[in-house]
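Given next are the chains, with one letter for each unit.
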Amino acid sequence: MHAADAQLDHHFDDIHQQREAAGLGMWLFLAQEVMFFGGLFGAYTIYRLLDYAAFQEASHHLDVTIGAVNTAVLIGSSLTMALAVRAGQLGNNRGVSIFVLLTMLLGAVFLGVKGIEYSDKWHHGLIPGLHFTAETVAGRGVELFFVFYFVMTGMHALHMVIGVGLMLWVLRMAAQKRFTPERHAWVENLGLYWHFVDIVWIFLFPLLYLIGRH
Amino acid sequence: MIEANPASNYLGAAHGLRSWLLTRDHKRIGVLYLLGVTFFFFIGGAFAVLMRFELATPEADLVASDTYNRLFSMHGIVMTFLFLVPSIPASLGNFLLPLMLGARDLAFPKLNLLSWYVFMVGGLFTVAAAAFGGVDTGWTFYTPYSSTYANSNVMLAAVGVFITGFSSILTGVNFIVTIHKMRAPGLTWFRLPLFVWAHYATSLIMVLGTPVLAITLLLVAVERLLGVGIFDPSLGGDPILFQHLFWFYSHPAVYIMVLPGMGVISEIITCFARKPIFGYKFIAFSSMAIAVLGFLVWGHHMFVSGQSVYAGVAFSMLTMAVSVPSAIKVFNWLATMFRGSIVFDSPMIYALGFIGLFTIGGLTGVFLGTLGLDLHVHDTYFVVAHFHFIMVGATVMAYLAAIHFWWPKIFGRTFPENWAKFAALMVFAGFILAFFPQFVLGYLGMPRRYHIYPDEFQMLNVLSSAGASILGVGYLIPMVYLLGSLRIGKKAAANPWGAKGLEWKTTSPPPVENFETPPTVEGDVYEYKNPHVVRPPEVTLARG
Amino acid sequence: MQTDSGVHVSSYGFSFLIFAVLLVLTGVTVGVAYVDLGWINTPLALLIAGVKAGVVLAYFMHLKWSTNLTVLVAIIGLLWFIILVAFTVADYMSRVPVQGWLG
Amino acid sequence: MRPELQFFPPAASTLANDVDLLFWFFVVVCGFFGLLVFGLLALFSARYRAKAQRYDPNHAQPLWLEIGWALPPLAVVAVLFVWGAKVYVEAYTPPSEALEIFVTGKQWMWKIQHPNGKKEINALHVPLGRAVKLTMTSEDVIHSFYVPAFRLKRDVLPGKYTSMWFEATQTGDYHLFCAEYCGTDHSRMIGRVTVMSQADYEAWLGGGEQLLSLEERGQRLFNQRACVTCHNGLPEASGPDLVGLFGSERRLSNGETVTADVDYLRESILYPTKKIAVGYAPVMPTFAGQLSEEQITALIEYMRTLKAPEAEGATP
Ligand code: HEA
Ligand code: HEA
Ligand code: CUA
Ligand SMILES: [Cu+2]
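Keep in mind that this is a model prediction, so the values were computed, not measured.

Asks: How would you explain the coordination of the copper ion (ligand 4) if you had to name every residue and give the values?
Replies: All names here are of chain B. Coordination sphere of the copper ion (ligand 4), protein contribution only: His251 (ND1), His300 (NE2) and His301 (NE2), at 1.9 to 2.1 Å. The sequence motif formed by the donor residues of the copper ion (ligand 4) is H-x48-H-H. Here the copper ion (ligand 4) and the iron atom of ligand 1 are spaced 4.4 Å apart. Here His301 lies in the loop between α9 (280-293) and α10 (309-337) and His251 lies in helix α8 (residues 239-272), a separation of 50 residues in the sequence. With relative accessibility at 22%, the residue His301 sits in the partly exposed group.

Asks: Tell me what's going on with the pairing of strand β10 (residues 191-196) of chain D, and back it up with residues and numbers.
Replies: Residues and elements named next belong to chain D. The buried fraction of β10 is high, at five of six residues. Relative to β10, strand β4 (residues 123-127) runs parallel, the two sharing five bridges. When the sheet's bridge partners are listed, Val126 is paired in β10 with Val195. In terms of strand pairing, strand β9 (residues 172-178) meets β10 through five bridges, oriented antiparallel. Along β10, the bridge assignment pairs Tyr174 with Val193.

Asks: So what's going on with the sheet that holds strand β3 (residues 119-121) of chain D? Residues and values would help.
Replies: Residue and element names in this part refer to chain D. Reading across the sheet, the five strands line up as β3-β2-β1-β5-β8 and stay open at both edges, with mixed pairing between neighbours. The open sheet is flanked by β3 and β8 (162-167), the only strands paired with a single partner. Strand after strand, the sheet turns through a mean of 25 degrees between neighbouring axes, direction not considered.

Asks: Tell me about the interface of chain D and chain B, and please be specific about residues and values.
Replies: Residue-level contacts link 85 residues of chain D with 94 residues of chain B. In total, chain D and chain B occlude about 7,400 Å² of area from one another, counting both sides; carbon and sulfur atoms represent 69% of this. On the chain D side of the interface with chain B, the three residues burying the most area are Tyr55, Tyr88 and Tyr181 of chain D, jointly 11% of the side's total. Where chain D packs against chain B, one counts one salt bridge. For the salt bridge of Arg339 of chain B with Asp56 of chain D, the shortest nitrogen-to-oxygen distance reads 3.9 Å. Sorting the residues of the side of chain D that touches chain B by element identifies α1 (14-47), α2 (63-91), β7 (152-156) and β9 of chain D as the ones contributing at least two each. Among the elements that line the side of chain D that touches chain B, the one with the most residues is α2 of chain D, at 16 residues. By residue class, the composition of the side of chain D that touches chain B is 54 nonpolar, 14 polar and 17 charged.

Asks: Tell me about the pattern of salt bridges, residues and numbers included.
Replies: Summed over all chains, the structure comprises 19 salt bridges over all chains. A salt bridge links Lys181 of chain B to Glu20 of chain A; its shortest N-O distance comes to 3.0 Å. Here the residue Lys181 of chain B occupies a position in helix α6 (residues 154-181), and Glu20 of chain A occupies one in helix α1 (residues 15-50), the pair thus bridging two chains. Look at the salt bridges and you will find they share partners, linking Asp13 of chain A together with Arg104 and Glu513 of chain B into a network.

Rules used in this analysis
- In this numbering scheme, every chain counts its residues from 1 along its sequence in written order.
- Labels follow written order: the first chain is A, the first ligand is 1, and so on.
- Side-chain atom pairs in this predicted model are given and counted only at pLDDT of 80 or more, local residue features only at pLDDT of at least 70, and totals for whole chains, interfaces and linings cover all residues.
- To get the side-chain values, take all heavy atoms of the structure and skip hydrogens and water.
- Excluding water, the donors of a metal are its N, O and S neighbours within 2.8 Å, or within 3.2 Å for Na, K and Ca, and that exclusion means sites may look incomplete.
- Labels follow the DSSP assignment, with helices taken as runs of H or I lasting at least four residues and strands as runs of E lasting at least two, numbered in each case from the N terminus.
- Each residue is assigned to one of three classes by its accessible area relative to the maximum for its type, calculated with a 1.4 Å probe on protein chains only: buried under 20%, partly exposed between the two thresholds, exposed over 50%.
- Only strands joined by at least two bridges in the DSSP assignment are considered to pair.
- Note on method: axes are straight lines fitted to C-alpha atoms, helices fitted across the in-contact stretch only, with angles between N-to-C directions ranging 0 to 180 degrees.
- By definition, residues are in contact when any of their heavy atoms lie within 4.5 Å.
- By buried area we mean how much accessible surface two parts lose on assembly, using a 1.4 Å probe and totalling the loss over both.
- Salt-bridge detection follows one rule: a side-chain nitrogen of Lys or Arg within 4 Å of a carboxyl oxygen of Asp or Glu.
- Each residue gets one of three labels, nonpolar for Ala, Val, Leu, Ile, Met, Phe, Trp, Tyr, Cys and Pro, charged for Asp, Glu, Lys and Arg, and polar for the others, Gly among them.

Here you go:
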C-alpha cells in the first residue's frame, strides 16, 4: 500500500479515475443547474417579449448602481474562489482557508446588499402578492416582472447560501489538512459551483436591471 | 465453484435493518429501490382498481366526482413519478450497471444512497398529499386550475414530485459518470451491453429534463402561495407557457420510462434466441437518437391547446421523426429471433409481450402525432389507451421480464417457472382486454378524466374493467411466488440462463465487491454460439 | 503551470487579469445600456454577458484546460437551454390572431 | 343518445369525413405494420423455437437491410404528417363568410351567444350546410369544446380567444363534451349540438321574444359604461375615435405598431395602460372585473362594426 491509497475510495482503481469522476459529476450537475435556471430564464424571456413596456417600467424601479456594485462584489468573490482552488491544487491548506474565508465574506456582502434591496422593495410596495401598492403605468406586467425578479434573485441567493454552507465544510477539511496536490476535488468542485452561481448573476444583472435604460 | 460462502455475498455480508438503511452498496440500494418502487406500483394500482370499478357503470355510484378526480390524479402521479420513472433504472439499473461494467460500485455510492432517501421523502410527501385529502389536478398540473382554482393538496403533491425529481437527477449523474469512467479494462463503448446504452440515454434525459419540471412546479407553488399570476391570465400570466415547460420535461420523461425497458428487452431477446443481437450499433444509437430527438417534440401534447398552428405543424413533423428509431429497434429485435434457437422461458414470454404491445402503443402514438387525428382524439380514451399500451403493456412487462431474468442473480434463488409463464400470459390477456376497448371508446369520443359518461359507452367500459381485474390478479401472482422463492426457492447458479455479460460471470448473489477478481473484457458482449442453454445439473429451474 | 498530478494551475497575476477583464466588461454593459441603440441594446447586453460567462468558464472554471468530454457537457447544457427557449419563443412569435373575426 | 353499443361515431361534418378518411388510411397502412410485427413474432417463435433446429447465429447482418427497413416507416409517417397537417390547418382556419357564434366556457357550463343576441346554455343550434365559426373564451380555467361527431375540438382559454370552424352535413343531435379537465364537474360540463335544416334554423333563431342583437347590446353597453364620453369622435375627446379602428394598424406610444384585432381590443378594455395609442394619455380606466366575458364580446362586436361610414378601404 503506498501513500495515495489512503485517499482512494475503495471502488476506484486509482486516484486519477477518482478525480476525473468527481469533475465529470460536477459538470453534469452544473448542466442540470443550467436547465433549472433555464426554465426560469425561458419563462422570463416569454413574458418580456409579451409585455416589454411593463418590464421596462419595472426595471426602472431597480437601482443600477447597487446592482453594478454587487456584480463587482460577486466577481471579486469568484476571484478569491479561483485563488482558493489554486491553493487547493497546490495542497496549500492555509491558502484554502484564507481564500475561502474571503469568498465567504464577499458572498455575505452580496447577500447583505441583496437584503437591503429587498427591504427597499418592501418600502416601495413592490412585493408581488403580499404588498404590491406601487403606482404603475403599464399595469400588471410590472408585478409579473417583480415575481420574476424575486424568484430569480431568490433562487440565486439560495444557491449562494448553499455555497457558503459548503464552504464551512471545506474550511473544516482545510483545517484538518485534507487537501493535497492529489486530492482536492472538494475545493475544485466548490469552485465550479461558485463560478456557476456567478455566471447566473452575470446574466441576471443586465436582464433585470438594464432594460431600456436609455 | 458456485457454492460461495454465504457470508461473502452482498446479502449475507451484514445483517439488520441498519445495515440496509446505511448501505452504500449499489446492489443493496437497488434492492431498496425495488421494494420502494414496487410498493408504489401497488398503491397506484389500488387507485386504478377503484377507478375501474367506478367506471363500470355510467353513473356515479361508487365515489363522488371530487373523489374520482383525486383517484386519477393520484394514480397518474404515483404511477409516473414514483413508479415508472425510477422503476427499471433505479432498481435494476442500479443493481446491474456496475456489474455489467465490471466495476465495484457506482461512481458516487453516497449520492446513490442519498437519492433513495430523497425518493422516499418525495414519495412520503405525495402519499401525505393523498392521505390528507388528495390532489385533483391530474398528473399534468395544468394551470390555472392547479395554481388558482383547485382546493386540494396541490402544494404537498407538487413538493413531493419536486423532491423525487432530484433523486432522478442524482441517479442520472451517477450513471453517466459510472459509464464513462468505470468500465473494466477492454470494455470499449461498442462492447457495452445494450442495457447500459439504454441507461446512458435515459440518464441524459434525467439530467437535462428533470430540472425544468422542478422549476416549473416551483413557479406553480409560488403562484399558489402568493396569488401572483405566473400562469394565470387573470393576473397577467399565460397558461400555455406552463404547458410548454411541463411537457419539455414530461415528453422526454416518457422515454425515461421506456428506454430502460428497451434495454432489458435487448438483453433478453438475444439471450433466449441464443444469438448475437442483430444490429448492435443501430440499437445503441437509436437509444441516443430517441433521447435527443425526444427533446424536440413536446408540443405534440399541445396541438389543440391554443399553441400556434405553425408550432403544431413543426412539432408533428419532429414527432414523426422520433418514431423511426423505435421502428429500427423493433425490426432489429425481430431479426435477432430470425434463425435463432428460441427458448420460451418466462422472461422471454414477457419480452415477446413487450414487443407486441409496444408496437401497438407506438403506432397509436403515431396516430396521435398526426395532426388531423389528434384534433379528434386528443384528451379522449384513445390517449389513455395509447400510453397504457406503452407504459403498462410495454414497460411494466419489461419490468417484470427484468425481475424474472435477474431474480436468480439478485437473490440467488429460482422461482417456479410454470407459475411465471402462467402469470405472464394472464397479464397479457388481461391487459389486452383492459385497454384495447379504450381505443374504440376514444375514437367514439369518450373524453378522459370523465367520472360519468353517456350510456352507449358502457359496454366497452365494462370490458375494460373486467380486463383490469384479470390484470390485477396477474400482477399479484408473481408477488406471491417471487417472495415465496426467497424462502423455499432452490439456490440459483451463477448463470442459470446461459447468458453473456459480466454480471453472469460472478456468483449469484454477487459478492460485496461484485467480482472475486476484477474482470477484463475481450470480444463482444453477445457472443451466443450455442443453441442450448447449458445449465449445470443442480440449477435446472424448478418446474411447477 | 502544471502540478505533478497533471492539473493546470493559474498564476495569481493571471487570475487578477481575468478579474479585471470581468470588471471592465461589467462597466461596459452598464455604459452601453444608457446609449440608445434601438433594438441592438438587448442583444448587445446579452453578448457582453455571454463573453463574461465565457471568460469565467474558460479560465476560472478551467474549461480551457479540461478534457473534451467536459467541454461537451458544458456545450450540451447551453444547447438544451437554447432548445427550450427557441421552440417556446417560436410558438409565441408565430401565433396568428383569431382568424375571421378580423372582418 | 342511442344507448346501444357503438363501434364508430356518427360523422356529421365535412371535417368528420376528412378525419375518417385519414383514420382508415392509418388503419390500413399502420395496421399492415402492426400485423407484420405480430405475424413475424408468431412465425419466428414457431419456426425458430429451440426444437426446430434451424439455428444459424452467424448469418449476415447486411447494412442495406438496416437502412432498407427504416425507409417504409419513414415514408408512412411522412405521408401521415403532410395529410394530417392539411386537415388540421384547415380545421383551424375559418373561411371568411362563416356564421359567427360566440362560446364562453365557465366551470361547469357552456354559454353560447348568437350574433342576433340569442343565448343558450349547454346547447348549440347550428344550420346544416353552412360554415359556422366558433370564437371561444373562458371565464376561469381551461376548457375544451369538443364535438365528437364533428371530429373537432380546441381548448378554450381564459384571457384570450381561440377559434375553430365546421360545416355540419347531417341533421340530428350530437354530444358536446368538455375535453380539458377543469375541476369537480368536468364530466358534467356536457351538452348537445343540434344540427337543423336551414329553414328550421331560421325559425328557431327568430323564435322567442325579440332580442337585442349582440351588436346592439354592445352599443348599449358602450353608452351605459360611458365609453362614449371619451370615445365619441369629437375633437376634444380624451380617447381616440374608434370608428375604423378594427383591423387597422395602430401606432403605440412606445413606437411599436400593432394590429387592432380582437385580442388587442380585449386588452384595451381590460388593461388599457398596457398598450397606449400614440398621442393619448393613459387615462382610460380598467374595466377588468367589471365586465363579463359576454359583455366584452358584445362590446367588441359593436366596435368591430363601427366602420367609417363611407370608407370602404378603411379595413384591410
Ligand atoms: C413510455 C411512455 C410513452 C412512450 C414511449 C410514448 C411514445 C410515443 N408517443 Fe406518447 N404519450 C405518453 C406516453 C408515451 N408515449 C403519455 C403518458 C401520454 C399522455 C400524457 C397525458 O396527456 O396525460 C402520451 C401522449 C402522446 C401524444 C399526445 C396525445 C394527446 O394528448 O392528444 C402524442 C401525440 O403525438 C404521442 C405520441 C407518441 C409517439 C409518436 C411516440 C413514439 O415514440 C412511438 C414510436 C414507436 C413506434 C412507431 C412503434 C414501433 C415501430 C414499428 C413497429 C414500425 C412501423 C412504424 C411505422 C409505420 C410508423 N403520445
Ligand atoms: C406507469 C404508469 C401507469 C400504470 C402502470 C397504470 C396502470 C393502470 N391504469 Fe393508469 N394511468 C396512468 C399511468 C399508469 N396507469 C396515467 C399517467 C394516467 C393519467 C392520469 C391523469 O389523467 O392525470 C392514467 C389514467 C388511467 C385511467 C384514465 C382515468 C381517466 O382519465 O378518467 C384509467 C382508466 O381506466 C387507468 C387504468 C389503469 C389500470 C386498470 C391499470 C392497471 O394496469 C393497474 C394494474 C395494477 C393493479 C390492479 C394492482 C394490483 C393490486 C391490487 C389488486 C391490490 C389492491 C389493493 C387494495 C385495493 C388495498 N389509468
Ligand atoms: Cu370544462 Cu372540463
Ligand atoms: Cu409526448
